[in-house]
Amino acid sequence: QIYGSTESGLLGVLPWRDHATHAHCTGREALYSHLRIVDAAGDEVADGAVGEVLGAAGGGMLAYWNNASATAQRLRDGWIHTGDLARREGGGYFTLVGRVEELIISGGENIHATEVEHVLASHPAVREVAVFGVPDESYGELVHAAVVLHAGTTADEAVLDAHCRVQLAAYKRPRGYHFLEALPRNASDKVRKTELRQAAVSAARRGANE
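Residues numbered from 1 in each chain as written. Predicted model: local features only at pLDDT ≥ 70, side-chain atom pairs only at ≥ 80, totals over all residues. Heavy atoms only, no water.

1. Details of the overall build of the chain
Broken down by element type, the chain carries five helices and 13 strands. Put simply, the chain has 210 residues, and 39% of those count as buried. Here the chain contributes 20 positive and 27 negative side-chain charges, whose respective centroids are spaced 2 Å apart. (Helix = DSSP H or I, 4+ residues; strand = E, 2+ residues; numbered from the N terminus. Buried < 20%, exposed > 50% of the residue type's maximum accessible area, 1.4 Å probe, protein only. Lys, Arg positive; Asp, Glu negative; His and termini not counted. Charge placed at Lys NZ, Arg CZ, Asp CG, Glu CD.)

If you want it as structure tokens, here you go:
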């Protein structure tokens, strides 16, 4: 199993010999690569903590073509900022938990969308799901989920909330749901969460005005 990006090149690997003991991890630093996992201040995080993955410059991109501002955002102080969030597992291992841009901050608590997505996806009626934050005056953001159900199954907000109650802390549970026939995706097959977020905000505004 390997991990990297177009900008950074190869950063991590989980060799076959490690699968028996560390199958839950993304991997560890690859040979000839150099990565760091840092907090918002740029300091290395401790074992068990989550931070952004950085790759050493020189092993990846030189710059974005004709886009100096994007280059300055991605390439800083000799490190390529991947935008990926990972938990340091100890022993050199790490596990990806989400994207910086998808981190939900609700009432001062950090919530990783992928954690909530994994819980919801484990419900037998759920075919696919996307979780994101929507603005809230009291908490800053609230967790919202867009859900696609398997054909021939039924599940409503109450059913999915009961499922989440068993596996998630209260502040991580979605406070809103909407159900779709399919999740919108871009040409790279990535879910367009910005579009989903805008739709959820618009629906909430319509409901408040009715």
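That was the structure; now back to the text.
2. A closer look at the nonpolar core
Core analysis: the biggest nonpolar cluster contains 18 residues, and Leu-120 and Val-131 have the highest contact counts within it. Those elements that place two or more of their residues in this core are α3 (113-121), β11 (126-136), β12 (140-149) and α4 (157-167). When residues of this core are assigned to their parent elements, the largest contribution, four residues, is made by α3. Once residues lying within four places of it in the same chain are set aside, the contact partners of Leu-120 are Val-126, Val-129, Val-131, Ala-145, Leu-160, His-163, Cys-164, Pro-174 and Tyr-177. In terms of nonpolar packing, the next biggest core, distinct from the first, is built from nine residues, Phe-132, Val-148, Leu-196 and Val-201 among them. (Core = buried A, V, L, I, M, F, W, Y, C linked by side-chain atoms within 4.5 Å. Contact = heavy atoms within 4.5 Å.)

3. Concerning the environment of Gly-55
Looking at the secondary structure, you find Gly-55 in strand β5 (residues 50-56). The class of Gly-55 is buried, set by a relative accessible area of 0%. Residues Gly-55 and Ile-37, spaced 18 residues apart in sequence, show a C-alpha to C-alpha distance of 9.1 Å. If we ignore the near neighbours within four places in the chain, the residues touching Gly-55 are Leu-11, His-34, Gly-78, Trp-79 and Ile-80.

4. Let's talk about unusual backbone geometry
It is generally the case that most residues other than glycine have a negative phi and that most peptide bonds are trans. Notably, Tyr-32 is not glycine yet its phi reads approximately 70 degrees, a positive angle. Inspection of the secondary structure assignment puts Tyr-32 in the loop between β3 (27-29) and β4 (35-38). Positive phi outside glycine occurs at Asp-77, with the angle close to 50 degrees. Looking at the element boundaries, Asp-77 is found in the loop between β6 (75-76) and β7 (79-90). Looking at Asp-77, the relative accessible area reads 79%, which means it is exposed.

5. Quick notes on the packing of aromatic side chains
By the definition in use, this model includes two aromatic pairs. On the basis of an interplanar angle of 15 degrees and a centroid distance of 6.4 Å, the ring pair of Tyr-177 and Phe-179 is categorised as stacked. A cation over a ring is seen here: Arg-36 above Trp-79, with NZ or CZ 5.1 Å from the ring centre. (Phe/Tyr/Trp six-rings, centres within 6.5 Å; stacked < 30°, edge-to-face > 60°. Lys NZ or Arg CZ within 6 Å of the ring centre and 35° of its normal.)

6. Examining the side chain of Glu-117
Mapped onto the fold, Glu-117 is located in helix α3. Assessed through its relative accessible area of 13%, Glu-117 is described here as buried. In this structure the side chain of Glu-117 is engaged in a polar contact, spanning 2.9 Å, whose partner is the backbone nitrogen of Val-131. Excluding anything up to four places from it in sequence, Glu-117 contacts Val-129, Ala-130, Val-131 and Lys-193. (Polar contact = N/O pair within 3.5 Å; in protein donor to acceptor, adjacent residues only side chain to side chain.)

7. Quick look at the pattern of salt bridges
A full pass over the atoms with the stated rule returns 13 salt bridges. Residue Glu-44 is joined to Arg-36 by a salt bridge in which the shortest nitrogen-to-oxygen separation is 2.8 Å. Arg-36 gets classed as buried once you look at its relative accessible area, which sits at 18%. When the shortest N-O distance is used, the salt bridge between Asp-161 and Arg-165 registers 2.9 Å. Of this pair, Asp-161 and Arg-165 both sit in helix α4, four residues apart, roughly one helical turn. Asp-161 gets classed as buried once you look at its relative accessible area, which sits at 16%. Through salt bridges with shared partners, a single network forms among Arg-36, Glu-44 and Arg-88. (Salt bridge = Lys/Arg side-chain N within 4 Å of Asp/Glu carboxyl O.)

8. Re the layout of surface pockets
Put simply, the largest pocket is a space of about 560 Å³. Along its surface, the largest pocket is lined by 17 residues, and Arg-99, Glu-102, Lys-190, Val-191 and Lys-193 are the ones closest to its centre. Listing elements by their share of the lining of the largest pocket, those giving two or more residues are β8 (93-99), α3, β11 and α5 (193-209). Partitioned by chemical class, the residues of the lining of the largest pocket number three nonpolar, five polar and nine charged. What the second largest pocket holds in volume is close to 370 Å³. Lining the second largest pocket are 19 residues, and of these Val-38, Asp-39, Ala-40, Ala-41 and Glu-52 sit closest to its centre. Contributions of two or more residues to the lining of the second largest pocket are made by β4, β5, β7 and β10 (109-112). Among the elements that make up the lining of the second largest pocket, the one with the highest residue count is β5 (four residues). Counted by class, the lining of the second largest pocket contains nine nonpolar, five polar and five charged residues. (1 Å grid on protein atoms, 1.4 Å probe; cavity = no way out; pocket = protein on both sides within 12 Å on 5 of 7 lines; lining within 4 Å. Points joined across faces, edges and corners; volume = space filled by probe spheres on them. Nonpolar A, V, L, I, M, F, W, Y, C, P; charged D, E, K, R; others polar.)

Structural measurements only, silent on function.
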